[in-house]
Structure formats: structure tokens, C-alpha cells
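Chain residues, written in single-letter form:
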Amino acid sequence: MKFIFAPDSFKGSLSAARAAQLLQEAALAHFPEAKCVCMPIADGGEGTVDALLTACGGEERVAVVTGPLGTPVRARWALLANGAAALEMAQASGLPLTAGHLDPMAASSRGTGELMLAALRAGARTLLLGLGGSATNDGGMGMLHALGVRFWDAQGDELSGCGADLARVARVDLDALSPQARAADIRVLCDVSNPLLGENGATAVYGPQKGVTAQLFPALEAGMANYARHLSAAVGREVAAFPGAGAAGGMGAALGGVLGATLRPGIEAVLSLAHFDRHLEECDLVVTGEGRLDRQSVAFGKAPAGVALRCRARGVPVVAMTGGLGPGAEDYHALGRTAVFPIVDSPMGLETAMRDAERLFSAAADRLFRVLRMGADLRR
């Protein structure tokens, strides 16, 4: 019997690595002869650095960078054994770093640019950058400024880059852009295909979770359009309309449009680097999971969906462990031989479920493998 345990993190409550370990403990309690492969995964958000470290090996590093609201933060990243650097925007410019004080006009992606520079100065020439969980809506302006791009307003004052600065941009100068950044192979891991502007753009779709209110929206959207116009003129090509330009508050536009980064679904990149398909050989069951499973999990190719599609191609059944089910969770069953296993065992609030996530997950994993053991015994 061979099992693969490939969960994503249950954000804010249970790491992917710990979830995989709990699954292995439950499996071996009921199938002591089983071969277990623990493969914590991520789709570009929280846990991406850890997932890539597990998949590729390497060394964890820490850089002190500018947080989204200007205070210094310690951002973890990894120099992988293959020479690439694994980075998370969430570590430098993420929502958890705001301590609940959301300010899309002041928030800046500068720290992400500083994190990229730290990796480049350490010798990395390939950057694997996950964009999930950002707190910013500055179009990547702060990140570009940290890398050397200069922005001026109509009065000739230099701008450092934040949501409020977007409307003030009158001139962009790329001459001082870091040569290392120009030469780098930047691979962006994200599951967003939105353009930068419009009803499906960064500010309209993802702005509310970063504090964009109905009152702030017109100014931010107009500012983003102004910024995109001047940035496109400086680069010599359109930076706003390609799929993914709206990722992470417009970081996709700056990374793809200015730095020539390639954008790829995060889960696909992680599974490929982890040689997931190779591990599927002779596998009897894969168990994945995330905090909430709903229609968006399938539509946007979140981690459990990416795992299920790889398993379908090999005919391997997959179980998704989840903290909660939302509308459209049943869409997951269209992805192959799948089952969904919620971990909550009684009525409880979200705060309680998150606090007790490890206990709930462990108990659910035990129930899963207890049932599988009964099925295996009945088959005999």
C-alpha cells in the first residue's frame, strides 16, 4: 500500500508540513506496512517557501525588509539546492503583516522588491515568487522602486510607490533598474488571470479584502489607469491587459510587463518541482486538503484541484481534507475519483475551529484511515 500526503496549509492554523505528518501518523496506525510519501504543497501563497524547500532541498534564509505599512519585517525565503530562490510576497508585503490595519492608499510592495534584491545578491539567478496573500494595491510600484525604477510627479518630486502615489505618476525612468533584476529569470507562481483594470481588474475584484471601500475605489482605479499608462509608455508595450496583470494588487503587471516574468499557476509549478507525477507511480491513494473547499477552489485551480487533476491522469483516487465547505464544493468531484472529508466534528465558530485545527485534523485523519482499513478488510 502506498499513500501520498500532499496537503496545502490551513491558513492561520495548521501548516502543510504538520498536516502531512498527521496524515502519516494516522495511516501507519491502521496500515503499518504502508509506504508513505509526505509532500506538503502550496499554490503560491502561504507555505510556498516551505513546500519548495521540501521538494528541492536547500537553505532557509531571512531578510529584514520594509513591511507593507513601512515598518521593518523579517521575511523568510530559501536558496534552493538547484540555485533558484523561493520567495513569498506574503512574507514581505502580506495581509498578516498589517495586524488588521488595512490601508490600500498607504500600503506598498517595496519589501517584496527588497526581498528579490536580497535573493539576487545572494547569487540566485532564478526567482520563484509566490504572489498569494498580498496586502497591497500599488501595481507593484513600490517593488519596482526598490529595484531602481524612478517615478516622478508633475512637480518633479520623486515618488516611492503606494496606492496614493498611483494617481500622481507623471514620469517613469527605467535607466537605474537593477541589472541583476533585468537579467533574472523570474517565475511568478499565482492562480489569478485577471487584467489590471476594469470590473475584473485588481482593484475591483481583490481590493475589498485589502481595505478598498466603495469610496476609495474610484480614486484607486483612476490612479491605477494613470500609472499603467505611464509605465506602458516607459516600457514600450502594454502592461495592463495580459492575463495575470491584476495579480496581487497589480504586481503581475509590474513583474510581467516590466521585468519580463513568466506567470504560471502556482500549484502546477510546485507539483512539477516536487516530481509529483513520478511519485504517483504505484500509488494507491493521495490525500490533499486546504482550509476551505468551494467553487473557487476548482475554478481557480487551487492546490486540491491541481492535485486531483494530476491524479486523474494516472487513475489514482484522491481525498481532500477540508476545514469547511462552501457553495460549489461538489464541483470538486468532476475532477476525477475524488472524495471530500470535512474535519469539523461539531457545530463551532471559525475561531474555535482554527484554534483546534490540529486536534480536529488528527481525529479526521484517524476516521479516514479507520474506514479505509475496514474497506480493505471487507475486500479480503
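Provided above is the structure to which this section pertains.
Residues numbered from 1 in each chain as written. Predicted model: local features only at pLDDT ≥ 70, side-chain atom pairs only at ≥ 80, totals over all residues. Heavy atoms only, no water.

Caption draft 1: Inspection of the pattern of salt bridges at higher detail. Across all of its chains, the model carries 21 salt bridges by this definition. Of the charged contacts in the structure, one is a salt bridge between aspartate 50 and arginine 76, with a shortest N-O distance of 2.6 Å. In this pair, aspartate 50 sits in helix α2 (residues 48-56) while arginine 76 sits in strand β4 (residues 72-80), placing the two residues 26 residues apart along the sequence. Using a relative accessible area of 35% as the deciding quantity, one classes aspartate 50 as partly exposed. Between arginine 110 and glutamate 114 there is a salt bridge, with its nearest N and O atoms 3.0 Å apart. Of this pair, arginine 110 and glutamate 114 both sit in helix α4 (residues 110-121), four residues apart, which is roughly one turn of that helix. In this structure arginine 110 comes out as partly exposed when scored by relative accessible area, which is 27%. Bridged by salt links that share partners, the residues Asp345, Arg355, Asp356 and Arg359 form one connected network. (Salt bridge = Lys/Arg side-chain N within 4 Å of Asp/Glu carboxyl O. Helix = DSSP H or I, 4+ residues; strand = E, 2+ residues; numbered from the N terminus. Buried < 20%, exposed > 50% of the residue type's maximum accessible area, 1.4 Å probe, protein only.)

Caption draft 2: Representation of empty space enclosed by the protein in the model. Taken as a whole, this structure holds one cavity of 30 Å³ or more when the rule is applied. For the largest cavity, the full set of lining residues is Met39, Pro40, Ile41, Ala51, Thr54, Ala55, Val270 and Ala274. Take the lining of the largest cavity: its biggest share by element is three residues, from α2. Of the residues assigned to the lining of the largest cavity, the class counts are seven nonpolar, one polar and no charged. (1 Å grid on protein atoms, 1.4 Å probe; cavity = no way out; pocket = protein on both sides within 12 Å on 5 of 7 lines; lining within 4 Å. Points joined across faces, edges and corners; volume = space filled by probe spheres on them. Nonpolar A, V, L, I, M, F, W, Y, C, P; charged D, E, K, R; others polar.)

Caption draft 3: Representation of unusual backbone geometry within the structure. The backbone of alanine 99 sits at a positive phi, close to 55°, despite the residue not being glycine. Structurally, the position occupied by alanine 99 is in the loop between α3 (89-93) and α4. Judged by relative accessible area, alanine 99 falls into the exposed class, the value being 73%. With a phi angle near 60°, glutamate 282 is a residue other than glycine that sits in the positive phi range.

Caption draft 4: Expanded view of the packing of aromatic side chains. Summed over the entire model, instances satisfying the criterion amount to seven aromatic pairs. Both rings, one in phenylalanine 3 and one in phenylalanine 31, keep their centres 5.5 Å apart while their planes meet at 75°; by these two values the pair is edge-to-face. On the criterion of sequence distance, the pair formed by phenylalanine 3 in strand β1 (residues 2-7) and phenylalanine 31 in the loop between α1 (16-30) and β2 (35-38) is long-range, its members being 28 residues apart. Exposure class is identical for phenylalanine 3 and phenylalanine 31. Each is buried. Taking 5.2 Å as the distance between ring centres and 65° as the angle between the ring planes, the aromatic pair formed by phenylalanine 3 and phenylalanine 369 counts as edge-to-face. With phenylalanine 3 in strand β1 and phenylalanine 369 in helix α15 (residues 357-379), this residue pair connects regions lying 366 residues apart in the sequence. Pair check on accessibility: phenylalanine 3 and phenylalanine 369 agree, each one buried. An aromatic cluster is present here, built from Phe3, Phe5, Phe31 and Phe369 joined pairwise through their rings. (Phe/Tyr/Trp six-rings, centres within 6.5 Å; stacked < 30°, edge-to-face > 60°.)

As far as function goes, none of this settles anything; it's purely spatial.
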